[in-house]
Amino acid sequence: MQRAPHTLLLALVAIALACFGTGIAAASDGAAGTRVGSASPAAAAPAGASSCKSLAARKARAAARKAKSPRAARRAARRTRAKVQRRCQLRQRRAAKRKKAKTSALPTSVSGQLTIGVDGGYAGWSDTEIQERAELGAAVTRHEWDPAEPVDEQDDVVEVAAGTIRTRIHALLGGNQLGDPAHYRDWVVAFVQRYGVGGSFWAEHPQLDASRFAITTIELGNEPYFGEMSPELYADTVRPTLEAIKQLGLPVFVVLPSRVYGSNTSWMDTLYKRIPNLNELFGAFADHPYWYGHDPATVDAAGPFGRIEKLRQRMNELGANTKPIYITEYGESTASCGEECVDEATQAAHLQQMIDAVASRPDWGVKMLSLFQLRDRGTNSGDRELQFGMLRQDGSEKSSYDIVQSAMQQFRG
């Protein structure tokens with residue numbers, strides 16, 4: 001009985017907020033000349049300041065209804081309204097930037113071949129991340145699967161990539177350890193048969209455009225050379241997979257990790273010794289030419305450009321001269337980690353240099369450049385791995401964001 005007045009007051013607060021939000025929504029709809037309930041999903045998205053206010057009012061009303069006291073209801077409504085409106089306006093600014101983005105005058109033949117993509121991490125994406133990836137507009141997203149899990153473990157990722165983000169997936173199958181060769185072979189074959197052209201996933205989801213989004217490129221492991229697998233073990237592990245893909249005629253392009261540092265090409269050389277017919281079994285080599293904190297254009301055999309040139313040279317010598325290079329990771333961290341990290345302006349400059357180089361050097365034969373990564377995973381951190389993002393952890397843009405987004409719109413493969 002003592003809670004009745006409190007309940008009544010809460011109801012009055014909610015009604016007041018509803019009236020306030022309805023007035024804004026009505027004014028917005030009247031100004032836009034839109035019939036309520038007639039808009040398509042695309043048209044219903046926020047398109048102006050009034051739409052952002054209307055969305056914020058609806059969210060504020062919902063937040064107020066969940067509050068436990070009138071004071072908490074007012075506070076929740078105020079905070080929610082400000083937060084939603086700020087995010088809505090940020091999305092509008094990003095959309096406007098995409099429209100205004102201008103492409104650089106690079107050769108048409110080059111821009112028609114290269115794809116600038118983005119790293120997609122591992123496991124599912126939050127609603128916020130899905131929205132950010134859709135706004136980024138990358139044609140290709142590199143995403144990792146764990147062969148220890150069921151093949152269909154990440155059906156949701158493929159569905160949202162094709163249906164919401166509209167990005168093709170370059171599938172990274174396994175990390176630095178691939179496990180038993182027979183299991184890995186069977187798992188990769190099942191993966192391609194599920195998500196590749198004509199795969200069972202697309203039959204189960206006929207509303208998705210399989211002709212655009214079926215997975216057609218796979219990468220067999222991430223960086224197995226960093227202590228997890230010797231080149232001999234790696235070759236013996238992936239050989240049954242490579243042979244099965246060829247024997248079954250699976251419609252997939254296979255990318256193998258390479259390891260080149262200075263003049264050392266022993267990783268690749270060992271693969272060719274262990275698998276004499278290797279050129280018949282794969283499509284491209286992948287490279288991760290990180291040189292943390294350094295200018296990528298510095299003339300040095302250990303630098304990114306020097307390593308790419310050496311990789312191309314050795315591939316040509318081994319009969320893989322017609323096979324492209326996939327740079328499936330490259331980035332710079334803006335964490336506070338000393339000489340291996342850079343400030344945001346330098347990160348932007350280094351990413352621009354790498355993009356310009358792979359686009360203007362057809363002799364390198366780079367088919368894909370996947371940038372690492374979209375959003376920071378930490379703030380004010382001394383951990384290098386937490387701040388490679390083009391967005392800060394709060395979703396705000398670093399200097400590199402516009403550079404990368406513009407390049408992604410131009411170089412779509």
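Below or above, wherever it landed, is the structure these notes cover. Since the model is a prediction, treat every value here as computed from it, not as a measurement. (Residues numbered from 1 in each chain as written. Predicted model: local features only at pLDDT ≥ 70, side-chain atom pairs only at ≥ 80, totals over all residues. Heavy atoms only, no water.)

Let's talk about the sheet that holds strand 1 (residues 115-122)
Rules: Paired strands, as defined in this entry, are two strands with at least two bridges between them according to DSSP. Only DSSP runs of H or I reaching four residues or more are called helices, and only runs of E reaching two or more are called strands; each is numbered from the N terminus. Here an axis means a line fitted to C-alpha atoms, over the contact stretch when the element is a helix, while the angle between two N-to-C directions is reported on a 0 to 180 degree scale.
Strand order in the closed barrel formed by 8 strands is 1-2-3-4-5-6-7-8, and the pairing between neighbours is parallel. For this sheet, the mean angle separating the axes of adjacent strands, direction not counted, is 30°. Note: strand 2 (residues 140-145) against strand 3 (residues 168-173), 6 bridges, orientation parallel. When the sheet's bridge partners are listed, Arg-142 is paired in strand 3 with His-170.

Considerations on the nonpolar core
For the record, the criterion: Residues enter a nonpolar core if they are buried and are Ala, Val, Leu, Ile, Met, Phe, Trp, Tyr or Cys, with the set joined through side-chain atoms within 4.5 Å. Only protein chains enter the accessibility calculation, which uses a 1.4 Å probe; a residue whose area is less than 20% of its type maximum is buried, one above 50% is exposed, and one in between is partly exposed.
Counting 82 residues, the largest nonpolar core has Trp-145, Phe-191, Ile-218 and Phe-285 as its most contacted members. Here the element with the most residues in this core is helix 7 (residues 181-195); it accounts for 7 residues. Ala-139, Val-140, Tyr-326 and Met-368 belong to the second largest nonpolar core, which has 7 residues in total.

Digging into unusual backbone geometry
In this structure, Gln-373 follows Phe-372 across a cis peptide bond, with omega equal to 0°. Position of Gln-373 among the secondary structure elements: in the loop between strand 8 (366-371) and helix 14 (400-410). Here the phi dihedral of Ala-123 falls at roughly 75°; this positive angle occurs in a residue that is not glycine. Relative to the helices and strands, Ala-123 is located in the loop between strand 1 and helix 5 (127-136). Within the chain, Arg-166 stands out as a residue other than glycine whose phi angle is a positive 65°. In this fold, Arg-166 is placed in the loop between helix 6 (155-165) and strand 3.

Some words on helix 11 (residues 266-274)
Heads up, the rule is: Only heavy atoms matter for contacts: two residues are in contact if any of them lie within 4.5 Å across the pair.
Buried residues of helix 11: Trp-267, Met-268, Asp-269, Thr-270, Leu-271 and Tyr-272, and no others. The secondary structure elements touched by the buried residues of helix 11 are helix 10 (231-248), strand 5 (253-257), strand 6 (284-287) and helix 12 (304-317).

Thoughts on the packing of helix 10 against helix 11
The cut-off we apply is this: Any angle from 65 to 115 degrees is called roughly perpendicular, while one under 35 is roughly parallel, one over 145 is roughly antiparallel, and all others are oblique. In this scheme the handedness of a crossing depends on how the near helix is turned from the far one: anticlockwise by less than a right angle means left-handed, clockwise means right-handed. Gly falls in the polar group here, along with every residue not listed as nonpolar (Ala, Val, Leu, Ile, Met, Phe, Trp, Tyr, Cys, Pro) or charged (Asp, Glu, Lys, Arg).
Across the interface, helix 10 lies against helix 11 with an axial gap of 9 Å and an inter-helix angle of 45°. Taken together, the axes of helix 10 and helix 11 lie oblique to each other. In this structure, the crossing between helix 10 and helix 11 has a hand that is right-handed. Side by side, helix 10 and helix 11 meet where Pro-231, Glu-232, Tyr-234, Ala-235, Asp-236 and Arg-239 of the first sit next to Trp-267, Thr-270, Leu-271 and Arg-274 of the second. Of the residues assigned to the contact of helix 10 with helix 11, the class counts are 5 nonpolar, 1 polar and 4 charged.

Let's talk about the packing of aromatic side chains
Here a ring pair, both rings aromatic, is described through the centre-centre distance and the interplanar angle of the planes. Quick note on the threshold: Pairing of aromatic side chains here covers Phe, Tyr and the six-membered ring of Trp, requires ring centres within 6.5 Å, and sorts the geometry by plane angle: under 30 degrees stacked, over 60 edge-to-face, intermediate tilted. Only when the NZ of Lys or the CZ of Arg is both within 6 Å of the ring centre and within 35 degrees of the ring normal is a charge said to sit over the ring.
Enumeration according to the criterion identifies 18 aromatic pairs in this entry. What links up through ring pairs into an aromatic cluster is the set Trp-145, Trp-187, Phe-191, Tyr-195, Phe-201 and Trp-202. Its guanidinium or amino end placed over the ring of Phe-282, Lys-323 lies 4.9 Å from that ring's centre, counting from NZ or CZ. Here Arg-384 stacks its cationic end above the ring of Tyr-292, 3.7 Å away from the centre of that ring.

Some thoughts on the pattern of salt bridges
Pairing between side chains becomes possible if they bear opposite charge and their charged atoms approach one another. Worth spelling out the cut-off: In what follows, salt bridge is the name for a side-chain nitrogen of Lys or Arg lying within 4 Å of a carboxyl oxygen of Asp or Glu.
All told, the structure shown has 19 salt bridges when counted by the stated rule. We note a salt bridge from Arg-142 to Glu-219, for which the minimum N-O separation is 3.0 Å. Linking Arg-142 in strand 2 with Glu-219 in strand 4 (residues 217-219), this pair joins segments that are 77 residues apart in sequence. In terms of burial, Arg-142 and Glu-219 fall into one category: buried. When the shortest N-O distance is used, the salt bridge between Asp-363 and Arg-361 registers 2.7 Å. By relative accessible area, Asp-363 is classed as partly exposed at 45%. Each of Asp-119, Arg-142, Glu-219 and Glu-329 takes part in a single network of salt bridges with overlapping partners.

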